[in-house]
Structure formats: C-alpha cells, structure tokens
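# Fold and geometry: a report
So you can see what is in the structure, the chains are spelled out below.
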Amino acid sequence: MPQENWLRFVNGEPTVQNIAPLIYRSWQRSLAHNINPAVISNNKFLNDSGLRELRESREDLIRAAGSVLPFLFQLLNSSNFSILLGDKDAFILESLGDGPFLSKAQRIFLSPGGNWGEDVKGTNAIGTALIEGMPVTIQGMDHYVQENHFLTCSAAPIHGLQGEIIGVIDISAEIGNQHCTLDIALVGARLIEQNLRHLTIERELKFYQQGSKLAVDLLKDGCLSIDRHGMITQVNATGASLIGRKKDDLIGRHVTDVLGAPKGWVLNQDTLDLRHKDGKGHELVTHFQRISDNSGSSLGAVGVIQIIGQNLDHLSWVGRTSLKSREILEKAHKAAQTDFSILLQGQTGTGKEIIARMIHEISPRRSGPFIALNCAAIPNTLLESELFGYADGAFTGARRGGQPGKFELAHGGTIFLDEIGDMPLNAQVALLRLLQEKALVRIGGKTLQKIDVRVITASHKDLKALVDAHAFRHDLFYRLKVVSIELPPLRERLEDLPELVTHFIHKACAAIGRPMIDMAESVYPYFYSYSWPGNVRELENCLAGMVAMCNGSLLTVRDLPPEVRESLSEKTEDEDVSLLASQTRQIILQALVKTDGKILPASRLLGISRTTLYRKMKELKISLPKA
C-alpha cells in the first residue's frame, strides 16, 4: 500500500485511502518545490569554512546538545544508527554514529554540512518536523525521494526560551531497524531545551554578578555588604580605603572584627548607623540597610561608610578670592537650608561634587547619608536597579531577598546624581515618578516605600539643549532645577589661582611624603595665559606632576608640562593685552586680600594713589573681598 500510494502520487494519479495527512501535506509541498522524486541532483552542502561559521553562530545549541547526543546513543543500545543535530534551517550541525549505516548516510549527505529542508530533500524527518512544528517519524516510502526509501527516521523540534523552533534532533537508521526512536528523540529535544535554559541562567547570573560588582566599585562612597551571619561579602575600593585595609583582607572577615562592633551584634531592624574608628582615629559611620526575604528573615545588609565630623580637603571649596567663587558659596549656603532639588551645571572638573557634598554637610540632613552615583558610569541595563533596587526574584540571578537601591540607602539624607544628562529616558520616567510621589517600588516588587531624600543633580551638558532636542524630559528638568547653580570654568576665576596653587602643592607634597616646596613667580604668567580646559582637576594634576618631577625646592618654568609652557608663546597681540589686564587684576586682588580689603594700605602696598586704585578696580570690575 505505501509503495502504491507513492507511485500514484509521483505519477500524478489519484492516491488510495489511508495515507497519513501529515505525509500527504509534505508530498504536496515537495511537488510544489519541483523536487525530483527519483534522486536529488542539487544537494545543498556546506564546505568546511561554511560549516565552521555556521557552528560558531549556533554555539549555544551545540553546547546544549554536547552531553545529550552520547546519552541518546547509549539508550539506543545499537551501533547501526545516526543521531543528528540540525539547526532551524535544516542544516546538520553534529552527528554521532558508527557501523555500516554511517557510510550509507554520508553518501546521501545525511552528515554535518548537509541540508535536509523539504525544499531540498522533499519529505524527510528533519525537514518535515521543522515545517510541521511537531515530532514525526518518516519511514521508507513515506520519503518523497526514492533514494531515501531505505531510511527510517524520527525527529523532534527543539524550542528556544521564547517557544520558537531553533533546531531539531533526528535519529536515523535503515528501515526495519527502529525501536522507540521517536520517544528517544523527544527525550533528547527536552534535555537540550533544559540545557539551554541552564546556559541562559548561568550567563545571566554571571552578568548580574559582574554588573553588581562593577556598580559597587563605581560608587564614590565606601560600600560594604555582609551576609546574614555578619561575614563581609563585598567591599569597594573606597570602603576599604576608609577602613584602612586591603579589600582582600576584609572579604570573609566578620563585621565585628573589622568595625569594632560588640560581639553578638546583629542587625535586627531595617536600618542602623554603626559608629567606629579607622586606624588613624577618624570617626566613621556605616549606615546599614537590612535585606530580608519574604518572611522577614534577615539575609544580610548593605552599608555605606562615611567619615563624620571631619573637614577633608577634597570636600571643601578652595579659592574664595574671586567674586564668582563667593557667589557660588553664598548660593550653596542658602540652598543648603532648604529641601529643594538642586541642579549643578558646569564643565568637567569645576567642582560639582565638592559643592554637592558641602551643601549636604551644612544642611539639616548632615547626620544622614550622602550617596553619590555617576549615571554615565553605570550601564543603562543596570541603572534603574541601582537607583531603585529590586525585589526578591525580580530577575534570574537576583540576590535572594532583593537589594535596596541608592534612594533607599540615602533615606534621611542626600543623593547626588552626577552626569544626569546621560540618564536614559526610561530611568528618567521612573525618577520623575519618585520625585512626584516621594515613594518608590523596587523593580519586580509590589510594596510602595516612602522615601525622604534631598536630590542634587549635576551635568556638564546643557540640559536645556537636551530638552529642546527631546533627549531629556522637560518635566523632569524643571523638577530638578528648583535651585540652579552654575559653576564657572577655572579661566573665569583666575583670581583664585594663588590659593589653589598653594593648596594643591601642599596636597601633592603630603601625598608623596616630601617637604613643602614653593612655586616661582615666573610660572604664574603661564598659568594665567593657559585656558585650562580640564579646569581645577587639570590644575591639580598638573601641579601633582610638577611636584613629582621637581628636583629642587622650587617649581620653575622648566617643570611646566609642554602644553602649559607653550601657551604663553602662542598669544596674539590682543591676547597679550588681555593677559596684562588679568595679571594687573590679580596683583590688585592680592594686595586687597593682604590688607583685609582696606583701600589705603592696599594703595600704599601697590605704590599708587587711592584714586588710581579705585579707577583700576572699576575698570577691572573688582569688588572688595570679604574679610
């Protein structure tokens, strides 16, 4: 009957009854593809290079099947089979088998590199299973092409994580040599799908583990995490530096050994400030936030480490001679007494984080945490979870019990979001909702948590221009800039240069343990003429390099980096006039500072009359500095 049906169909005659609908549909498709029912003359077969490229592109599928093919071969308990792995386009990627059948299979290209799609080979288990989307067995004359009538094959599609067909597993043998091969092919397909899920979970877990470590390392504050037993599991470089130990010496130690907490100490509340001292006697506070599972049991905690009661040099504004500096400090002090959002704008290196920390330290929130995060340094895919936290089970590889975000850690204090202009639009929407509702829901969570945080943002980009270009939400922009402070570039506050120079030379000398050195007056004209594109940060690095390379006790023009030394010689005549005015302004300001702003003593020090000094001050727009 099968032979009669096949002959009738290929000869265009009506077929008899009892032909399987699946086989009949496939024969019709084969006929539509103009497949020669006697022999395949146009086989599709990849050369070594093509097969290698295809295997590389199907790496996950091949890895998932790597342990499955030998397992299936053992289940068959026979050597006269071939087990084949195909991709979604019906190309054979891998095969396993031996015995006489293997050489017969290779003659009809039933081997790696061969294509067994219905449009190439007509009705066959691999191609038909892919088209029908279901397991199939094709025996003998069920094959559309006569040269394949010696085969009996069972194949089952392999599905990806989204349910799409990504490949096929096939068991082939000579007709008459079959026993439960379709069931075994189904087992193989399910095992490969399971392995694919494991590979994906493994990859996601590694991604989130590395991403979490990267995010912690990028935090500008000290950060430390402990497990439910109090063992330190992670600490970033800033945290280790504040504690005064190496990271490797801290991880794995009990928190009571490191922070000096009493033995038997446990975190049995949502938050706790633990005060302790570092090796130098500085008082530190670690603000812990407990992480719990759904039952409320503690899984551990994340802590932010900060120095309290100490005015560190790198947290204070240096240079208070210029009018612009005094205006900035006045605005900062006024803004600190409010709870409004503050937007700091200025070029890179102008001191935006210093002003943000200063505002926090003189505000009513100074006893709370200060959390700083650079939005441009966190991958877009991680930013929302870093800001708002995530709940237990929010994604594959998520920390058990979830993890608080930076807004939760900043509760009761200040959060500083640097480079806010680089925040992606989806995170902008979430931030706007938080500012409106003063509450957040962790990613993947359901519980609304009230948040009491002062928000300070900063950007070196023109946020108004980004709003006009639809790259930044206008409603978020106006919520963030309730108070706006523009920080000037260094070239617009050159009056502060002497104070900055002295401060940074002292800092550099202390860092390398050498006696304090001075700078020759002949260097200042070069500093005044240079544009300082990197602003105060560039000046600090410039002086640090000069101090490190200086052989004597005085910094001279020879110690200047080339770009600064060459800036003076490149000035045009008009720029020379401008430089002269700048230097005159600086000399007058220095005299006024030395005489506490008193005009008569300053004029005597300069060797000019009071009238001339008043006129010069008016021309150069100099106001009296505060005592």
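Data block above holds the structure.
Here we summarise the structure given alongside this text. (Residues numbered from 1 in each chain as written. Predicted model: local features only at pLDDT ≥ 70, side-chain atom pairs only at ≥ 80, totals over all residues. Heavy atoms only, no water.)

## Thoughts on the pattern of salt bridges
To keep things clear, this is the line we draw: For this analysis, a salt bridge means a side-chain nitrogen from Lys or Arg found within 4 Å of a carboxyl oxygen belonging to Asp or Glu. A helix here means a DSSP run of H or I that spans at least four residues, while a strand means a run of E at least two residues long, and both kinds are numbered starting from the N terminus. The buried label goes to any residue with under 20% of its type's maximum accessible area, the exposed label to any with over 50%, and the partly exposed label to all in between, with areas taken from a 1.4 Å probe on protein chains only.
A complete count under the given rule lists 24 salt bridges for this structure. For the salt bridge of Arg58 with Asp89, the shortest nitrogen-to-oxygen distance reads 3.3 Å. On the criterion of sequence distance, the pair formed by Arg58 in the loop between helix H3 (48–57) and helix H4 (59–65) and Asp89 in the loop between strand S1 (81–87) and strand S2 (92–97) is long-range, its members being 31 residues apart. Arg58 sits in the buried class, given a relative accessible area of 17%. With a shortest N-O distance of 3.8 Å, Lys88 and Asp89 are connected by a salt bridge. A relative accessible area of 45% means that Lys88 is categorised as partly exposed. A network of salt bridges, in which partner residues are shared, links Arg25, Arg29, Glu118 and Glu132.

## Quick word on the nonpolar core
Side chains that are nonpolar tend, in soluble globular proteins, to be buried together. Convention followed: Throughout this description, the term nonpolar core refers to a set of buried Ala, Val, Leu, Ile, Met, Phe, Trp, Tyr and Cys residues connected via side-chain atoms within 4.5 Å. Should any heavy atoms of two residues lie within 4.5 Å, those residues are counted as being in contact.
Judged by nonpolar contacts, the single largest core of 37 residues is most densely connected at Phe407, Leu417, Ile420, Met423, Leu431 and Phe472. Breaking this core down by element, the ones donating at least two residues are strand S10 (298–307), strand S12 (370–374), helix H15 (380–388), helix H16 (406–409), strand S13 (414–418), helix H17 (425–437), helix H18 (463–468) and helix H19 (474–480). Top contributing element to this core by residue count: H17, with six residues. Those residues within four positions of Leu431 in sequence are excluded, and the remaining contacts are Phe388, Phe407, Leu417, Ile420, Met423 and Leu476. Membership of the second largest hydrophobic core comes to 30 residues, among which are Ala508, Ile517, Leu543 and Leu555.

## Quick word on the sheet that holds S13
Here is the rule: Strand pairing requires that DSSP identify at least two bridges connecting the strands. The convention used is that axes are lines fitted to C-alpha atoms, helices contributing only their stretch in contact, and that angles between N-to-C directions extend from 0 to 180 degrees.
In spatial order, the strands read S12-S13-S16-S11-S17; together these five strands make up an open sheet with parallel pairing. Across the chains shown, the open sheet's two edge strands, defined by having one partner strand only, are S12 and strand S17 (483–486). Across the sheet, the axes of successive neighbouring strands diverge by a mean angle of 15°, strand direction being ignored. With four bridges joining them, strand S11 (residues 342–345) and S17 adopt parallel strand pairing. Within S17, the residue paired with Gln345 across the bridge is Glu486.

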